[in-house]
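# Summary of the model geometry
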Amino acid sequence: MYHCPVTFYLVGLPDEIARIIEDAQPQPSFTHHFTRSDEPEEALTAQASAIFADATGHDATAWARVFAAHRQATTTVTLIVSHDQVPAVEPYFNDIADLWIAPLSAAEASWRFNHWQRACKRYADSWETSQYLEATINSIPSLVWYKSKDGIHHKVNDAFCATANKTKEQVQGRGHAYIWDVEADDPACIESERRVMAAKSTIVSEETVQTSDGTRLLTTYKSPLYNIDGSVMGTVGVGIDVTQERAYEDEIVEKNHTMETIFTTMDCGVITHSLDGTRLLGINQAALDILGYDSAEDLMAAGFDMVAPSVVDEDAGKMRESIATLKNVGDSVSTEYRVRHDNGDIVHVMGNVKLIESDGELLLQRYLLDYTDKKKEEVRKERRQRDLIQALSEDYLLVCSFSLDTKAGEALRVSGDRLRKLDELFAGELNLDSCLGGYINEAVVEEDQAMLRDALSAESLITRLTDESRIHVNYRINHGDVTEYCQATVVRGGDWPQAHNMVLGLRSVDVQTREEMKKKALLEEALTQANKANAAKSAFLSNMSHDIRTPMNAIVGFTTLAASRLDQPEKVEEYLNKIKSSSTHLLSLINDILDMSHIESGKVSLDEQPYNLVDLLDDLYSIIQAETSARQLYFSINTESVRHTEVRCDKLRINQILLNLLGNALKFTNPGGFIKVTLDELPGAPVGYGRYRFTVSDTGIGMSPEFVEHIFDPFERERTSTISGIQGTGLGMSITKNLVDMMHGTISVKSTQGKGTSFTVELTLQLACEGATAAAQEAKTQHVDPSHRLRHSRILLVDDNDLNREIAITLLEDEGFTVEYAVNGCEAVEKIMDAPSGHYQLVLMDVQMPVMNGYEATKAIRRLNDPTRAQVPILAMTADAFEEDRQKALRSGMNGHLTKPVEIDKLFKALDELLS
């Protein structure tokens, strides 16, 4: 069962001997691993299980010192030395398992190694046997001990120590008196062990020992232990603590005695008679008194035939039927019946009949108990209970009880309202199915009948009342010309597991229900409005998180790469271009996300411009490359089959579609997997258009067929243990589907769990004329070349952020502007007032600033008395990007509105327009 891996460290061995060791077949349960070196190494010594070293021709003392200092405690060291080296290693004999004296032939080395292997095998087998023994004796609750002839305990188990309240170190090596804290060894114990060793057989006996918990009674099994030569060397004992069992036996005897005393003194009648009732074998006086007879002879003379003649006739037949149900020995049945005495008194009897066997004959043993007084008390309590039920159920139109096993019931309260017809439907002996069936058919509105019939069926009530003590079911009835809301309440009653009894109440809840419906309508309306607002917020947050993180990752990644390669201008320029591409995409996303009218209405318009599809995918590659590398994924884009690359399209929306699909591929593809984007041009497009198929495939975890059917539903995510830790709202695919639909395209998915997923998007795009895309790109990348007049303009930059000012001042001064700045609106107003009229040709104004914001500063400037100062062009340059922010800027007196981060082309275009 055990497994023993051995790591051999071979030091300085000749190849011939080393091969003998390495080629040797491992013993069963052993595995071999080898390391070698010419001289001892501390690290390899520390890792080895067995060391074989040839120190001949070397400093044997130094070698032995290394092995002694760095070997593990269980590591065996075998040292090959010459005769004259033996004294040198003598100080380390305790750390060396064996010495092999050189010179050593191959045959001798093989014999010695095989001998070493066999010794290791014997040690491991012995260790396993010891483990088995320890685990066995320490896992059983009985006491186990091993003693020598002279009564010394050489080994005991955990249960022995627990009983003696001593540790193994305290017990092992000690005799009986010390262990059990008595003055002398127990003579009975000594004698039993002597007989075991003399007879050489197992002897069972009982012994009493005194422990810290009191006296314990042990049943002991003692057997002899033998020496190798067959002579007895001691005994092994197993002790079972039977103290508690003996206490239980004594307790049972005492209880039986008590029960017999109670039985003989209590007023309980006992009758024993033959199975056919013709022979009366025994009857006590209590039974005769209950039945109304003076003696057993009087009873037999009156005509006893299983049932006494004094039993009321209608109860006698029921008694005979009950007794007839007894078939097997031990069967019993309880009965209740009445006895009429000669003086006319009625005695209520509670009886029990049991089928027994005595001397091979079947007999009936009966017990009789007079409970007339208790019966009267039950009747009184029942009457009082009915009064209480009547008072407590005043609000109920109907209260009745039913047995769900027999479906029989009784009415406890019934309303006399004729319109509800309850007094007619629940009159007389009640049956659950017929009463409720008639009520449902007669009074309940048709739409609620099936529901109420199912809810109040016996099977449904038994199932629900097993877990619930009370059930409420709401329904509607036709009350005259109006519909009335009612409620059925079912309460579990009695000892439920033995008898499925319940109480049913019907009441009108019309007033409460209609009030609740009004409140619910108001709450639902409020909830609908809240859900609409929450849906807009959720879509906003999901879209922002999903779409912004990917280009941001590219920006951060390529910024880090550019900073680490400042000495490589070409690489830095390449990274800066990729950062610019990702930044442009990110800015477009933010501008669109912050358009709250789009979010609230759920509408997004397409901005179709000439673009090259190959360039689009190249930009996409730049955005996604950093993350695929970080996740150790292989990413490729294939556009070889595309013939017409120049199209009119909304680059941002296509990017959103592809980034959503790639985002899923990244999340659900393990390191080492492949992600591929393929663009194909398909035949069959209308004139002037091209049909394009974008395929995004991966070798990720795939999806189940059930989830694929719902993948484009909002908030859908597959619930599997593989992806339960991956964050996401489940909106990505829904957004993607909506964008594809907006472009009048199609999207489909194929997926196999464990193999991967492939999304296919097909779009029909208008072809752009040759050169249109290049012209559009050039128009986007080239800003308006400022005129000579612009380069001499003086601009007042108002911004409280140091970094924002530094960026803006550098951009403007590089183009020839003279720039002065203010850190808040108040300082800006003061500078314009203090400077000569016409000193500033334009003001770039931030909005959110301390002391005085941009709106207030603009209004203050417009109120200046000097027309030249008051009419200076003011351009808002702010991070407030909503449409209402732009309108607010214009209303405050500003001439234009630009959003941060600054887009250079738009900035200089706006400056050119305002300064022209």
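All of the points below concern the structure found in this document. (Residues numbered from 1 in each chain as written. Predicted model: local features only at pLDDT ≥ 70, side-chain atom pairs only at ≥ 80, totals over all residues. Heavy atoms only, no water.)

### Notes on the pattern of salt bridges
This is how the line gets drawn: By convention in these notes, a salt bridge is any Lys or Arg side-chain nitrogen within 4 Å of a carboxyl oxygen on Asp or Glu. Elements are defined by DSSP. Helices are runs of H or I of four residues or more, strands are runs of E of two residues or more, and each kind is numbered from the N terminus. Working definition: with a 1.4 Å probe on protein chains only, accessible area under 20% of the residue-type maximum means buried, over 50% means exposed, and in between means partly exposed.
Scanning the model with the defined rule gives 37 salt bridges in all. Between arginine 338 and aspartate 315 there is a salt bridge, with its nearest N and O atoms 2.9 Å apart. Note that arginine 338 is positioned in strand E13 (residues 332-340) and aspartate 315 in helix H13 (residues 313-324), a separation of 23 residues in sequence. Notably, a salt bridge pairs arginine 805 with aspartate 802, separated by 2.5 Å at the nearest N-O pair. Note that arginine 805 and aspartate 802 are positioned in helix H27 (residues 802-814) at a spacing of three residues, about one turn of the helix. The exposure class assigned to arginine 805 is buried, which follows from its relative accessible area of 10%. In this structure aspartate 802 comes out as exposed when scored by relative accessible area, which is 53%. Residues joined in a network through salt bridges with shared partners are Lys147, Glu193, Glu207 and Lys222.

### Notes on empty space enclosed by the protein
Convention followed: The rule is simple: put a 1 Å grid over the protein atoms alone, call a set of points where a 1.4 Å probe fits but cannot get out a cavity, call an open set with protein on both sides within 12 Å along at least five of seven lines a pocket, and count a residue as lining if it has an atom within 4 Å of a point. Grid points are joined across faces, edges and corners, and a volume is the space filled by probe spheres set on the points. Amino acids outside the nonpolar list (Ala, Val, Leu, Ile, Met, Phe, Trp, Tyr, Cys, Pro) and the charged list (Asp, Glu, Lys, Arg) are all regarded as polar, and Gly is one of them.
Applying the stated criterion across every chain, the model contains three cavities of 30 Å³ or more. Broken down by secondary-structure element, the contributors of at least two residues to the lining of the largest cavity are strand E6 (143-148), helix H9 (187-199), strand E8 (203-211) and strand E9 (214-226). At three residues, E6 tops the list of elements feeding residues into the lining of the largest cavity. Residues of the lining of the largest cavity, tallied by class, amount to seven nonpolar, three polar and three charged. Considering the residues around the second largest cavity, the lining is formed by Val6, Phe8, Pro26, Gln27, Phe30, His32, Trp116, Gln117, Cys120 and Lys121. Contributing elements (two or more residues each) for the lining of the second largest cavity: strand E1 (4-11), strand E2 (30-37) and helix H5 (106-139). Grouping the amino acids of the lining of the second largest cavity by side-chain chemistry returns six nonpolar, three polar and one charged.

### Some details on the sheet that holds E1
The condition is simple: Whether two strands pair depends on DSSP finding at least two bridges between them. Fitted lines through C-alpha atoms give the axes, limited to the stretch in contact for helices. The angle between two N-to-C directions lies from 0 to 180 degrees. In this description, contact between two residues means that some pair of their heavy atoms is separated by no more than 4.5 Å.
Sheet architecture is open: five strands sit in the order E2-E1-E3-E4-E5, paired in parallel fashion. Bordering the open sheet on either side are E2 and strand E5 (98-101), each of which pairs with just one other strand. When the angles between neighbouring strand axes are averaged without regard to direction, this sheet yields 20°. Sheet topology places strand E4 (residues 76-81) next to E5; four bridges connect them, and they run parallel. Bridge assignment links isoleucine 80 to a residue of E5, and that residue is tryptophan 100. Where helix H1 (residues 15-23) meets the sheet, it contacts E1, E2 and strand E3 (50-54), and its direction lies at approximately 160° from that of E2.

### A closer look at a negative patch on the surface
The condition that has to hold: Distance thresholds for patches are 9 Å for like charges and 5 Å for nonpolar side chains (Val, Leu, Ile, Met, Phe, Trp, Tyr), applied to residues having over 30% relative accessible area and no salt bridge. For the accessible areas, the method is Shrake-Rupley and the probe is 1.4 Å, while residue cover comes only from the protein chains on display. Only four residue types enter the charge count: Lys and Arg as positive, Asp and Glu as negative, with His and the chain ends excluded. Lysine's charge is taken at NZ, arginine's at CZ, aspartate's at CG and glutamate's at CD.
The grouping of Asp289, Asp294, Glu297 and Asp298 at the surface amounts to a negative patch. Here glutamate 297 shows up in helix H12 (residues 296-301). A relative accessible area of 58% places glutamate 297 in the exposed class.

### Topic: the packing of H1 against H5
Formally: Crossings are assigned a handedness: left-handed for a near helix turned anticlockwise from the far helix by less than a right angle, right-handed for a clockwise turn.
Between H1 and H5, whose axes approach to 10 Å, the crossing angle comes to 30°. Considering the relative orientation of H1 and H5, their crossing is right-handed. In this structure, H1 uses Glu16, Ile17, Ile20 and Ile21 to contact H5, whose residues at the interface are Ala106, Ala109, Ser110 and Phe113. Class assignment for the residues of the contact of H1 with H5 results in six nonpolar, one polar and one charged.

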